[in-house]
Amino acid sequence: MKLFNRARIVGLIGMLFACLLFLLVSNHIAWEALSTLRITSPGAKFSDPSLLDIRLPTLLTIAILSLGLIGTGIFMFIRSYTRIIPIYVGSMIFIGMFTILIWAISGDRVDLVDLLARTVRLATPIALGAIAGILCERSGIVNIAIEGLMLTGACVGFIIALLTGNPWLGVLAAILAGGAIVMLHALLSIQFKTDQTISGTVINILAVGVTGFLRTSVILPLQAAGSVGNPLPNLPIPLLSQIPILGPIFFNHQPIAYSMLIMVPLMTVLLFRTPWGLRTRSIGENPRAADTMGIDVIRMRYMNVLFAGFVAGLAGAWFSLEATFNFDDVMTNGRGFIALAAMIFGNWTPAGALGGAMLFSFSDALQIKIQGFDFALPPQFIQMLPYIITIIVLTGVVGRTRGPAAAGKPYEK
Amino acid sequence: MPRPTWPPTSRQPPERRSRLKCKHNVVSRSNNNQPYYSKGSVSMSTTPTARSARTAVNWRELLLSALVPILAIITALLIGALIIAATGASVIAAYSGLFIGAFGSLSAISNTLVESTPFIFAGLAVALGFKCGLFNVGAEGQLGIGAICAAVAGFAFKGLPGIIHVPLALLVGAAGGAIWGAVPGFLRARAGAHEVIVTIMMNYISIRLTDYLIKNTFRDTKASAPRTPFIQESAQLPLLLGPEFRLHAGFLLAIVVAVFINWLINRTTTGFEIRTVGENPSAAKYAGMSITKNFVLAMALSGALAGLAGAVTVLGVEHNLKSSFSAGYGMDSIAVALLAKSSPIGILPAALFWGALRNGAGLMQLQSGISINLINIIQALVIVFVAAPDIIRLVYRIKKVDSRQAVATRGWGS
């Protein structure tokens, strides 16, 4: 047996990570410091009496978690135990984030429910984008144009919402715009057999140009003329939103966030339990065999790409109609690419992609949340975390991810 | 597009094939007087060495390979004119503004060349990646790292003569970019992590990292806005046309580097290995070439070039580094590489076109009131047409570059 196999390397990294983490924190925090995780009741203000206050001795908690990591690491090193690598790396990531959270709030308190609700909200465009990516890649089309589709959706949706004063029409327009632009990608990559990554990049560049042009020549004049509209309303679901903890996290959102929460299980069922899903997956794995079975590969790819464009357009509407009511140049700010990372993270499944999206949005929410606290780590490093984690995931330490076999290859009869 | 193979690797040897499919073969031979294996397509940018080495410059082929990009540019400008007309502005005012802004005076030309310089380096970076079959979307990040490394080398070393300081700062910048680029190459080769996603992630890490370094570690405490201190005078790239023009020696360096990369790719063993790995990794492996070595090498070189783009901008134009420095060079460099069809020499006119559009945009807006963003649309359309040459062929009724005569004669017909 090799001295350094995968389990041993991961175990060593884990031990090192835990030691560094503890040393770093113990340099800054005294043993007496307490971190309070507050759980508020639904609809309550932060100043209201809380449902529950979890008081954790900051350093002791981190010490226990680090010891757990080190212990497991030693076990993995001695026995070279491969099977728990994914769980181990996962818990490393989780402990890292949790440490940052309670370190930042030591001597203070944070509203845990609000943090998690914010995580779900911020995960919306990433998860929807990832679903768009899954739809494309499962049917054999690589789509790195999601960023551009979102941007177009955000821009067109906002223009229509401004013109009509109705945000719902804006959402519809965003969906259609995503579908329209994605057809260019479909045309280039299915019909003209252009390299799909290049085709996607082209659409990203095009989207930046078109939306920038529309902003200066349509949106700004409209706004200058006094056109104002309303963002999408907050729609708490009656009864369900009153459930403690779960209510605020899942049942008190705006419409596009709900649509994401519905879309994830729906897509899981559609992809893995219906004939349509089987066909989609088969043209992504082996289009020739699928063709032999009588599936119209080209038509099916067009339909799936179009549907993905609709979903990406909806994700775009989140930016301009739900998160804020405005449109800025390049306001998607790389979320489309993160959606792709979430898709890979989730091994091309909708549920996994949601998990990946939550990972990103949690670190985002965390970073927003702790901005007010006096914290030793610079915010830039917390913002870097998801990207570093994505690279770690991509390298396959957590377990090899594998995409659809035929993704990226044009199909020729 | 099927690539021509040399030597022919058909499953059947020619004699046997002609016996089996005699009639068909005779017809196809009499049509173009060429052996059957070169039928299909004349490769445009990826002309194999065997052919291009025979004649120094094949002008006809050069013209042919430039035809689609030129038609793409013309088509994009025509569509741009339609957009301008649709918004009610004057097309002539807009385009004359664009041209005069880019080439109207010596200072305009100097500024256009200055704008083009980073595009040459970054475009070369992406093109080199393409040669090895790698899509380097990370030019943006490598450029940022190169810029901060060059800036630090520029202000930290004191008392060096310019003849040492300038190359030193450039080298440090290139080294920073090379390290940043080598990581995705290594991960791709060893762990199979797709370089597109890894380089995109590395871009964001680079942006955060440089942001942190500029705001904290290397911040100039005397300045109110976050930026690094100014680089030493000895580290500044010399100006070529005197102090009233911005044109700096980085432009000459860019041309030299483009020629060098062209030589490296097309005339050296290293370049041959890189191209072979790019075209057919399994064949390269079978021939004894190391995939890992070539992936890492190509990405490191690519990163070094992108790093030089940042270094040259800092040392030649900005003389310090502000946060939010790079203005989308990453995406534009991909576009430039595509427009040039990954040819290192072709990068020069492509980057010049890009720089001219950027530089002329200001006057265009001034003269016609049309938004600068029109430039982005034109650029994107150019890339759409270059990436999918079939569209251009369809519009201009150019035949597939099967028979050579057809292209030259019918290209400008409609």
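These numbers come from a predicted model, not from an experiment.

Conventions we followed
- Residues numbered from 1 in each chain as written.
- Chains lettered and ligands numbered in written order.
- Predicted model: local features only at pLDDT ≥ 70, side-chain atom pairs only at ≥ 80, totals over all residues.
- Heavy atoms only, no water.
- Helix = DSSP H or I, 4+ residues; strand = E, 2+ residues; numbered from the N terminus.
- Rg over C-alpha atoms; globule rule 2.2 N^0.38 Å.
- Buried < 20%, exposed > 50% of the residue type's maximum accessible area, 1.4 Å probe, protein only.
- Contact = heavy atoms within 4.5 Å.
- Areas by Shrake-Rupley, 256 points an atom, 1.4 Å probe, with all protein chains shown as cover.
- Buried area = accessible area lost by both parts, 1.4 Å probe.
- Salt bridge = Lys/Arg side-chain N within 4 Å of Asp/Glu carboxyl O.
- Polar contact = N/O pair within 3.5 Å; in protein donor to acceptor, adjacent residues only side chain to side chain.
- Nonpolar A, V, L, I, M, F, W, Y, C, P; charged D, E, K, R; others polar.
- Pairing = 2+ DSSP bridges.
- Axes fitted to C-alpha atoms, helices over the stretch in contact; angles between N-to-C directions.
- Phe/Tyr/Trp six-rings, centres within 6.5 Å; stacked < 30°, edge-to-face > 60°.
- Lys NZ or Arg CZ within 6 Å of the ring centre and 35° of its normal.
- pLDDT = per-residue confidence, 0-100.
- Expected span 1.5 Å × (residues − 1).

Observations regarding the overall build of chain A
In step 1: Along the backbone of chain A there are 15 helices and 5 strands.
In step 2: Taken over the C-alpha trace, chain A has a radius of gyration of 23 Å; the compact-globule value for 413 residues is 22 Å, and the two agree within 12%.
In step 3: If you line up chain A on its principal axes, its C-alpha atoms span 65 × 65 × 40 Å.
In step 4: For chain A, the residues scored as buried account for 54% of the 413 residues in total.
In step 5: Contacts in chain A between residues at least 24 apart in sequence constitute 77% of all its contacts with a sequence separation of at least 6.
In step 6: Accessible area for chain A stands at about 17,000 Å²; split by element, carbon and sulfur atoms hold 67% of it.

A closer look at the interface of chain B and chain A
In step 1: Taken together, the contacts link 39 residues of chain B with 34 residues of chain A.
In step 2: Surface buried jointly by chain B and chain A totals about 3,300 Å² across both partners, of which 83% is contributed by carbon and sulfur atoms.
In step 3: For the interface between chain B and chain A, the tally reads 0 salt bridges.
In step 4: For the interface between chain B and chain A, the tally reads 5 residue pairs in polar contact (both at pLDDT 80 or more).
In step 5: Secondary structure elements with two or more residues in the side of chain B that touches chain A: α8 (162-191), α9 (195-217), α14 (329-339), α16 (373-387) and α17 (389-396) of chain B.
In step 6: With 13 residues, the single largest contributor to the side of chain B that touches chain A is α9 of chain B.
In step 7: Here the side of chain B that touches chain A is built from residues that sort into 30 nonpolar, 5 polar and 4 charged.

What to know about the sheet that holds strand β3 (residues 109-111) of chain A
All names here are of chain A.
In step 1: The strand order β2-β1-β3 describes an open sheet built from 3 strands, whose pairing is mixed. One side of each edge strand has no neighbouring strand; the edge strands of this open sheet are β2 (52-57) and β3. Between one strand axis and the next, the sheet turns by 20 degrees as a mean value, whatever way the strands run.
In step 2: As judged from the 3 bridges shared by strand β1 (residues 34-39) and β3, these two strands associate in the parallel manner. By the bridge assignment for β3, Thr-36 is matched with Arg-109.
In step 3: Docked against the sheet, helix α3 (residues 85-104) engages β1, β2 and β3, running at close to 100 degrees with respect to β1.

Notes on the packing of aromatic side chains
In step 1: A complete count under the given rule lists 13 aromatic pairs over all chains for this structure.
In step 2: A centroid spacing of 6.0 Å and a plane angle of 65 degrees characterise the contact between Phe-353 of chain B and Trp-354 of chain B, whose relative ring orientation is edge-to-face. For the pair shown, Phe-353 of chain B and Trp-354 of chain B are each scored as buried.
In step 3: Its end group placed over the ring of Phe-77 of chain A, Arg-8 of chain A keeps NZ or CZ at 5.2 Å from the ring centre.

Here's the deal with the pattern of salt bridges
Close approach of charged atoms allows side chains of opposite charge to pair.
In step 1: All chains considered together, the criterion is met by 12 salt bridges over all chains.
In step 2: Linking Arg-38 of chain A and Asp-53 of chain A is a salt bridge whose minimum nitrogen-to-oxygen distance equals 3.1 Å. With Arg-38 of chain A in strand β1 and Asp-53 of chain A in strand β2, the pair connects residues that are 15 residues apart, well separated along the chain.
In step 3: What makes Asp-53 of chain A partly exposed here is its relative accessible area of 23%.
In step 4: Measuring nitrogen to oxygen at the nearest pair gives 3.1 Å for the salt bridge that ties Asp-220 of chain B to Arg-227 of chain B.

Brief notes about the environment of Arg-219 of chain B
In step 1: Along the polypeptide, Arg-219 of chain B turns up in the loop between α9 and α10 (250-267).
In step 2: Separated by 103 residues in sequence, Arg-219 of chain B and Lys-322 of chain B have C-alpha atoms that sit 9.4 Å apart.

Quick look at the pairing of β1 of chain A
Residue and element names in this part refer to chain A.
In step 1: Of all 6 residues that make up β1, 5 are buried, and the element is covered over most of its length.
In step 2: Examined bridge by bridge, β1 and β2 share 6 bridges and lie antiparallel to one another. By the bridge assignment, Leu-34 is partnered in β2 with Pro-57.

Brief notes about the packing of helix α9 (residues 255-273) of chain A against helix α14 (residues 350-369) of chain A
Residues and elements named next belong to chain A.
In step 1: Here α9 crosses α14 at 150 degrees, and the two axes come no closer than 8 Å. Counted together, Met-260, Val-264, Met-267, Thr-268, Leu-271 and Phe-272 of α9 and Pro-350, Ala-351 and Leu-354 of α14 form the full contact between these two elements.
In step 2: A class-by-class count of the residues in the contact of α9 with α14 yields 8 nonpolar, 1 polar and no charged.

Topic: the confidence of the model for chain B
Residue and element names in this part refer to chain B.
In step 1: Per-residue pLDDT for chain B has a mean of 81; in total, 82% of the residues score no lower than 70.
In step 2: Per-element confidence in chain B is highest for α10, whose mean pLDDT is 95, and lowest for helix α18 (residues 404-410), whose mean pLDDT is 27.
In step 3: Low pLDDT, under 50, characterises residues 1-55; the stretch is placed with 43 contacts to residues that sit more than four places away or in other chains.
In step 4: Low pLDDT, under 50, characterises residues 402-414; the predicted model gives this stretch 23 contacts beyond four residues in sequence or across chains.

Description of helix α6 (residues 167-191) of chain A
Residue and element names in this part refer to chain A.
In step 1: In a regular helix each residue adds 1.5 Å, so 25 residues correspond to 36 Å; α6 covers 35 Å between its end C-alpha atoms and thus fits that length.
In step 2: Of the residues flanking the start of α6, the one acting as N-cap is Asn-166, its side-chain oxygen 2.9 Å from the backbone nitrogen of Trp-168.
In step 3: Remark: Lys-193 follows α6 within two positions and exhibits a positive phi of approximately 55 degrees.

Here's the deal with the side chain of Arg-138 of chain A
In step 1: Here Arg-138 of chain A lies in helix α4 (residues 112-138).
In step 2: With sequence-adjacent residues up to four places away left out, Arg-138 of chain A is seen in contact with Leu-271, Phe-272, Thr-280, Arg-281, Ile-283, Gly-284, Asn-347, Trp-348, Thr-349 and Pro-404 of chain A.

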